[in-house]
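Remarks on the overall topology
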Amino acid sequence: MTERLVVVGADAAGMSAASQARRMRGPDDLQIVAFERSTHTSYAACGIPYWVSGDVSGPEALVARSPEQHRSRGIDLRMSTEVVAVDVAAGTVTARDLATGAEETLAYDHLVLATGASPLRPPVPGIDAVGVYGVQTLDDGAALLAGLEALGEGPRRALIIGGGYIGIEMAEAMCSRGLEVTVITMGEEPMDTLDPDMGRLVHEAMAAMGIDVRTATAIEAIETDAAGRAVGARAGGELFSADLVVLGTGVRPNTALAAAAGLPLGQYGGLVTDRRMRVQGYANVWAGGDCVEVLDLVSSRRVAIALGTHANKHGQVIGTNVGGGYASFPGVVRTAISKVCDLEIARTGLREADAVAAGFEPVSVRVESSTRAGYYPGAQPLTVKMIAERRTGRLLGVQIVGREAAAKRIDAAAVALWNRMTVEEMTALDLGYAPPFSPVWDPVLIAARKAVEAVNRTR
Ligand SMILES: Cc1cc2nc3c(=O)[nH]c(=O)nc-3n(C[C@H](O)[C@H](O)[C@H](O)COP(=O)(O)OP(=O)(O)OC[C@H]3O[C@@H](n4cnc5c(N)ncnc54)[C@H](O)[C@@H]3O)c2cc1C
């Protein structure tokens, strides 16, 4: 008998799941119906800042697979159709065609929830004014570009609310477009996924690029003109004028549908799944992407991390399992990488505060090194911070801030973390070396050596 897989949300996690299940099971064996409430599918939101900056073309270039391509692969994709209810007891979903309002109830054998995350909007007056832009979807990107074009040439100011990775990427995009940029963040420093001392380096570099960064500052209101258009914001008791306002204030798992269906949610509002991405307690309900919580392998706690790199893996795992194979997603070490103009920023594992909160007693070291051999042309400075557990020397986290090929060094640290290595073991890692790529002692190895000394002092 033909089974039916129903997918809710047709972007990274949902369509990876659908595509993988289709690779493993033919149409006579598995019917696949995917519902997407927007007009886009399988697109790279990660590319939006670089489309807005003009570095990449878009939006077509950001679409990995169009609805037609999915349909030609045997997936019944229903666009502009929102799933409004899930009945897990009956094994059905109810979907509403957003154009006509018509509703249909469909039975499933397997259900995949891949509903993503919802952007957080500060609850302040004026937040919905014209001239305030999100950057979550391709439509948001198009609206922002249209808003930019409408401003014309001449001096223009952008106010970015939020100093996380989306905030700083949008700051870069606005700089590239020739705008004066102010970033307002509630954090002690921008990029609060880093320890504040490393965030300080980002702050200083942004200031040197001409970006006005205001830290520990909460937005109080969006200021509007008589026509209701945003003309700036009030924050920390100060008025910031701006021609446009961009929001990068974080996201939370979009799980209202799952909650209404009685499915289990964790501390951060994400769905709770087992290693195979099956919603805890439900044999045929799967979930992946930004709408789930995952296990942090270092702290052993569940966390909500909205990253496309995880969403695609979740989809692959779900599709393999629904397809009759066996796959699991063990967890994350919270590796993330970003940049603002030519400054690269990377992190993996726990910050000092996370380590303490998880019950570790951390020691940390910081080293200044360079991206190439000091004598090789173009060598640029970089800073590596390494955090280890006192006495055992277990690696707990690494942060890197620097220029030109600094950030991808985090991958070596992520592998070490994944394998629960000590900083002592790391000192012997066989990392690549030639003068154009690194000093003879790679900066990560120098940090590991220094961390060993710091750990030894705690024994
Ligand atoms: C500006 C920006 C830059 C980013 N940069 C990076 C990066 O550099 N690296 C990285 O790893 N990640 C990055 N991300 C994050 C990445 O884009 C997300 O983690 C990824 O898209 C999550 O995929 P998902 O499938 O879980 O959710 P989404 O991509 O949000 O897809 C969920 C889909 O579900 C649909 N949906 C929701 N509810 C329903 C419903 N009831 N019925 C029907 N459809 C529904 C939504 O319309 C949406 O299309 C970035 C995100 C943004 C916004």
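Please refer to the structure placed before this passage.
On a predicted model such as this, the values are computed, not experimentally measured, just so you know.

1. A short note on the overall build of the protein
- Secondary structure summary: the protein contains 12 helices and 25 strands in total.
- Against the 2.2 N^0.38 benchmark of 23 Å for 459 residues, the protein shows a C-alpha radius of gyration of 23 Å, consistent with a compact globule.
- Taken across its 459 residues, the protein has 50% of its residues classed as buried.
- Restricting to contacts in the protein with at least 6 residues of sequence separation, those with at least 24 account for 63%.
- Of the accessible surface of the protein, which amounts to about 19,400 Å², a share of 52% is contributed by carbon and sulfur atoms.
- Considering the protein, the positive charge centre built from 43 side chains and the negative charge centre built from 53 side chains are found 5 Å apart.

2. Thoughts on the site of the ligand
- In the neighbourhood of the ligand, 30 residues make up the surrounding shell, with Asp 11, Ala 13, Glu 36, Asp 290 and Leu 307 lying closest.
- Tyr 165 has a polar side-chain atom sitting 3.1 Å from a nitrogen atom of the ligand.
- Relative to its unbound accessible surface of 990 Å², the ligand loses 89% to contact with the protein.
- Taken together, the elements giving at least two residues each to the shell around the ligand come down to α1 (12–24), β4 (81–87), α5 (165–176) and α8 (308–322).

3. Structural notes on the side chain of Arg 276
- Relative to the assigned elements, Arg 276 resides in the loop between α7 (256–260) and β18 (285–287).
- One buried charged residue, Arg 276, remains without a salt bridge, the closest side chain of opposite sign being Asp 274 at 6.4 Å.
- Sequence-distant contacts of Arg 276, defined by excluding residues within four places in its chain, comprise Trp 286, Val 317, Asn 321, Gly 325, Tyr 326, Ala 327 and Ser 328.

4. Some words on helix α6 (residues 196–208)
- Compared with the 18 Å implied by 1.5 Å per residue over 13 residues, the 18 Å span of α6 between its first and last C-alpha is a close match.
- Among the residues of α6, those classed as buried are Met 198, Gly 199, Leu 201, Val 202, His 203, Ala 205 and Met 206.
- Backbone geometry just after α6 places Gly 210 at a positive phi near 95°.

5. Some words on the packing of aromatic side chains
- Evaluation of the coordinates by the stated rule reveals zero aromatic pairs.
- Positioned above the aromatic ring of Trp 441, the side-chain terminus of Arg 449 is 4.1 Å from the ring centre.

6. Observations regarding the sheet that holds strand β5 (residues 92–97)
- Across the sheet, which stays open at both edges, the three strands sit in the order β4-β5-β6 with antiparallel pairing between neighbours. At either margin of the open sheet sits one strand with a lone partner, and together these are β4 and β6 (103–107). Sheet twist, expressed as the mean angle between neighbouring strand axes with direction ignored, is 25°.
- Pairing of β5 with β6, which is carried by five bridges, proceeds in the antiparallel orientation. Its bridge partner being in β6, Arg 96 is matched across the sheet by Glu 103.

7. Quick word on the sheet that holds strand β9 (residues 132–133)
- Reading across from one edge, β9-β16-β10-β11-β12 is the order of the five strands in this open sheet, with parallel pairing throughout. Because the sheet does not close on itself, it has two edges, and the strands there are β9 and β12 (212–214).
- Contacting β10 (157–161), β11 (180–184) and β16 (244–247), α5 runs over the sheet at an angle of about 175° to β10.

8. A closer look at the pairing of strand β24 (residues 381–389)
- For β24, the tally of buried residues reaches eight of nine residues, placing the bulk of the element in the interior.
- Here strand β23 (residues 362–370) runs beside β24; their pairing, made up of nine bridges, is antiparallel. The residue bridging Arg 366 from the neighbouring strand is Lys 385, located in β24.
- Direction of pairing for β24 relative to strand β25 (residues 395–403): antiparallel, over a ladder of seven bridges. In the sheet register, Lys 385 faces β25, and the bridge partner there is Gln 399.
- From the end of β24 to the start of β25, which pair antiparallel, there are five residues, and Arg 391 there has a positive phi angle of about 70°.

9. Concerning the nonpolar core
- Grouped together as the largest cluster of nonpolar side chains are 51 residues, with contacts concentrated most on Val 86, Val 93, Leu 111, Leu 113 and Leu 271.
- Ignoring anything within four residues of it in the chain, the contact list for Leu 271 reads Leu 113, Thr 255, Ala 258, Leu 263, Pro 264, Leu 265, Val 279, Ala 287, Cys 291, Val 292 and Glu 293.
- In terms of nonpolar packing, the next biggest core, distinct from the first, is built from 36 residues, Leu 148, Ile 160, Val 202 and Leu 343 among them.

10. Let's talk about the layout of surface pockets
- One number sums up the size of the second largest pocket: a volume of about 180 Å³.
- Here the residues of the lining of the second largest pocket are counted per class, giving six nonpolar, three polar and four charged.

11. Some thoughts on the pairing of β4
- Direction of pairing for β4 relative to β5: antiparallel, over a ladder of six bridges. Bridge assignment links Val 83 to a residue of β5, and that residue is Ala 95.
- Here β4 folds back onto β5 in antiparallel fashion, the turn holding four residues, of which Gly 91 has a positive phi close to 70°.

12. So, a nonpolar patch on the surface
- A cluster of nonpolar side chains, namely Tyr 375, Tyr 376, Tyr 433, Val 440 and Trp 441, defines an oily patch on the protein surface of about 560 Å² accessible area.
- Within the secondary structure, Tyr 433 is located in the loop between α11 (423–426) and α12 (443–456).
- Tyr 433 sits in the partly exposed class, given a relative accessible area of 40%.

Conventions used here
Residues numbered from 1 in each chain as written. Predicted model: local features only at pLDDT ≥ 70, side-chain atom pairs only at ≥ 80, totals over all residues. Heavy atoms only, no water. Helix = DSSP H or I, 4+ residues; strand = E, 2+ residues; numbered from the N terminus. Rg over C-alpha atoms; globule rule 2.2 N^0.38 Å. Buried < 20%, exposed > 50% of the residue type's maximum accessible area, 1.4 Å probe, protein only. Contact = heavy atoms within 4.5 Å. Areas by Shrake-Rupley, 256 points an atom, 1.4 Å probe, with all protein chains shown as cover. Lys, Arg positive; Asp, Glu negative; His and termini not counted. Charge placed at Lys NZ, Arg CZ, Asp CG, Glu CD. Near = heavy atom within 4 Å. Polar contact = N/O pair within 3.5 Å; in protein donor to acceptor, adjacent residues only side chain to side chain. Salt bridge = Lys/Arg side-chain N within 4 Å of Asp/Glu carboxyl O. Expected span 1.5 Å × (residues − 1). Phe/Tyr/Trp six-rings, centres within 6.5 Å; stacked < 30°, edge-to-face > 60°. Lys NZ or Arg CZ within 6 Å of the ring centre and 35° of its normal. Pairing = 2+ DSSP bridges. Axes fitted to C-alpha atoms, helices over the stretch in contact; angles between N-to-C directions. Core = buried A, V, L, I, M, F, W, Y, C linked by side-chain atoms within 4.5 Å. 1 Å grid on protein atoms, 1.4 Å probe; cavity = no way out; pocket = protein on both sides within 12 Å on 5 of 7 lines; lining within 4 Å. Points joined across faces, edges and corners; volume = space filled by probe spheres on them. Nonpolar A, V, L, I, M, F, W, Y, C, P; charged D, E, K, R; others polar. Patch = residues over 30% accessible without salt bridge, like charges linked within 9 Å, V, L, I, M, F, W, Y side chains within 5 Å.

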